[in-house]
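Breakdown of the fold
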Amino acid sequence: MGSQDTDKMTSKRKRDWTDSPILLSSLEQKIFDFLVQVLKDERRTTILRVAGGWVRDKLLQLACDDIDIDIALDDISGEDFAHIVEGHLEKSSEHSSVAVIRMNPDKSKHLETARIKMFDVWIDLVNLRGETYAETSRVPQIVLGTAEEDALRRDLTINALFYNINDGVVEDLTGSGLKDLSEGIIRTPLEPRKTFLDDPLRALRAIRFAGKLGFKLNPDIIDACREPEVRSALETKVSKERIGVEVDKMLCSASPLTCVGLLRDVSLFASVFLPDEMPKMDPLEFEIEEAPTRCSATLSKFLSTLESSELSLPKELRRIGLFASLLRPFGGRNVYTAESKPNRPVTVASHIIRHCLKLRGRDADEVNNIHICLTKIENASFVQNRVSLGRLVRESKELLPTVLLLAQSQNEDISAEKIQRTITEMRLEHAASLRPLLNGKQVMKLLPKLPKGPKMGEVCPSRPGFQKKTFTPQSLEL
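So, a few notes on the structure that sits alongside this text. Bear in mind that the values here come from a model prediction, so they are computed numbers and not experimental data.

**Describing the environment of Phe330**
- Tracing the backbone through its elements, the reader meets Phe330 in the loop between helix H15 (315-326) and strand E13 (334-336).
- Residue class for Phe330 comes out buried when judged on its relative accessible area of 1%.
- C-alpha of Phe330 to C-alpha of Cys295: the two residues are 35 residues apart in sequence and 8.8 Å apart in space.
- Not counting the four nearest positions on each side in its chain, Phe330 is found in contact with Leu274, Leu284, Phe286, Ala291, Cys295, Val348 and Ile352.

**Considerations on the nonpolar core**
- Membership of the largest hydrophobic core comes to 122 residues, with the highest contact counts inside it found for Ile71, Phe81, Met118, Ile186, Phe273, Phe330 and Ile352.
- At eight residues, helix H8 (residues 201-213) tops the list of elements feeding residues into this core.
- Ignoring anything within four residues of it in the chain, the contact list for Ile186 reads Leu156, Ile158, Ala206, Phe209, Ala210, Phe215, Lys216, Leu217, Asn218 and Ile221.
- Membership of the second largest hydrophobic core comes to eight residues, among which are Ala51, Ala72, Val126 and Leu128.

**Structural notes on the sheet that holds strand E3 (residues 97-101)**
- Reading across from one edge, E3-E4-E5-E2-E1-E8-E9 is the order of the seven strands in this open sheet, with mixed pairing throughout. The sheet is open, and its two edges are formed by E3 and strand E9 (169-171), each paired on a single side. Sheet twist, expressed as the average angle between the axes of neighbouring strands with direction ignored, equals 30°.
- Bridge analysis of strand E4 (residues 113-118) against strand E5 (residues 121-127) gives five bridges, and the strand direction is antiparallel. Considered in E5, the bridge of Met118 is made with Val121.

**Details of empty space enclosed by the protein**
- Considering all chains together, one arrives at one cavity of 30 Å³ or more under this definition.
- Within this model, the largest cavity holds a volume of roughly 30 Å³.
- Every residue lining the largest cavity is listed: Val247, Met250, Leu251, Val260, Leu263, Phe273 and Leu326.
- Every element with two or more residues in the lining of the largest cavity is listed here: helix H11 (240-251) and helix H12 (256-265).

**Considering the pairing of strand E2 (residues 69-73)**
- Burial analysis of E2 places four of its five residues in the buried class, which makes it a mostly covered element.
- Bridging between strand E1 (residues 48-51) and E2 involves four bridges; their strand directions are antiparallel. Counted as the bridge partner of Arg49 is Ala72 from E2.
- Judged from the five bridges that link them, E2 and E5 form a sheet pairing that is parallel. Directly across from Ile71, in E5, lies its bridge partner Leu125.

About the criteria used
- Residues numbered from 1 in each chain as written.
- Predicted model: local features only at pLDDT ≥ 70, side-chain atom pairs only at ≥ 80, totals over all residues.
- Heavy atoms only, no water.
- Helix = DSSP H or I, 4+ residues; strand = E, 2+ residues; numbered from the N terminus.
- Buried < 20%, exposed > 50% of the residue type's maximum accessible area, 1.4 Å probe, protein only.
- Contact = heavy atoms within 4.5 Å.
- Core = buried A, V, L, I, M, F, W, Y, C linked by side-chain atoms within 4.5 Å.
- Pairing = 2+ DSSP bridges.
- Axes fitted to C-alpha atoms, helices over the stretch in contact; angles between N-to-C directions.
- 1 Å grid on protein atoms, 1.4 Å probe; cavity = no way out; pocket = protein on both sides within 12 Å on 5 of 7 lines; lining within 4 Å.
- Points joined across faces, edges and corners; volume = space filled by probe spheres on them.

And the structure:
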């Protein structure tokens, strides 16, 4: 997060939110007025409370492209209320649709949720609830609860605020949410050690929101994260998929370096990226305890390069570049498991992405490709070698801008912009789409005694190298 963004966030936190602080859009006002009218027509005393991030972001005046409204109900199920609202919408000749998402703990869906489409906006309807946890699982046992119980079971005080639609006011039932929002503090409603042992993922969420909002972790959160029991619970109770989702959100946030720095400072970096179950790996150039600092440093240099460079990366290339820079200290090192094959080594970076974070296989492949391409940009003179430069374009494909910027971040003598200009001047920008002059079948026809496998690979790739020396747009037209 830049200094200007931080200043804006700080100024927003200085507001007094005690008197009707929520500023509704015309569409939000229309939705809420309709729901209140439904209650009057049905003579119901149900209290409708918007919960979670919508309230927080409204108070901070954070822009949001999508309206994401979760409404908690105190005396009726979400499904029953959705059908009541649907009937009133039909009477008003408004199109509506109702869907019910059943409870599915395996997918982190712990409570049945009804969804209704009102005025082209999907609204989630749930019951107020309380939770209890078993020692070995972060999947809670759900019970219907009061508004106070629902607020206290949430991860952070700033996420436990309610907007009471009936009365048009904010409810701070933890007693700390508004104050923490104003002062920029990340705090848990209950004692953080118990909160994190119940659901260790909340420790990562605390870090993510601290980075996203530019807030500070309350000291007791830092102390709790550093406890061995909490670190162990994060490794054993939380699915790798859920950890991966949080890490992905951290790196794609406005302050990825802050998030990674906090993971390091609260001693959770190893639990996320290098858990105890990590298989044997090649010796590193540094002590494993140095990994958090080294990974933070390569990420920091990449982010600085992105800010100063004339080249810009689209969202997905930036994302994969952040992962590649973060894991760069492990580049060229492999892991060894019972399933490892001598001719198909698995890199440390790939294992972290595929197994520790359970992200897409494509993410692991692209990070590996970036790391391999980086080894080929040894120095600034690399730019003068047409064949080498053409191979880089061909092998990196759409990842080329990310490779160049990451190379520049690691070597100040390398200029991503200069290499990109040279590629254009040498007319190599389309080298990735070049095909070999001879494909495998044609080579086998000409050289029937050539064995398949590596020998075939030695013959076919040499053709694009020749093409890169002689390629011009005119030669394509011929």
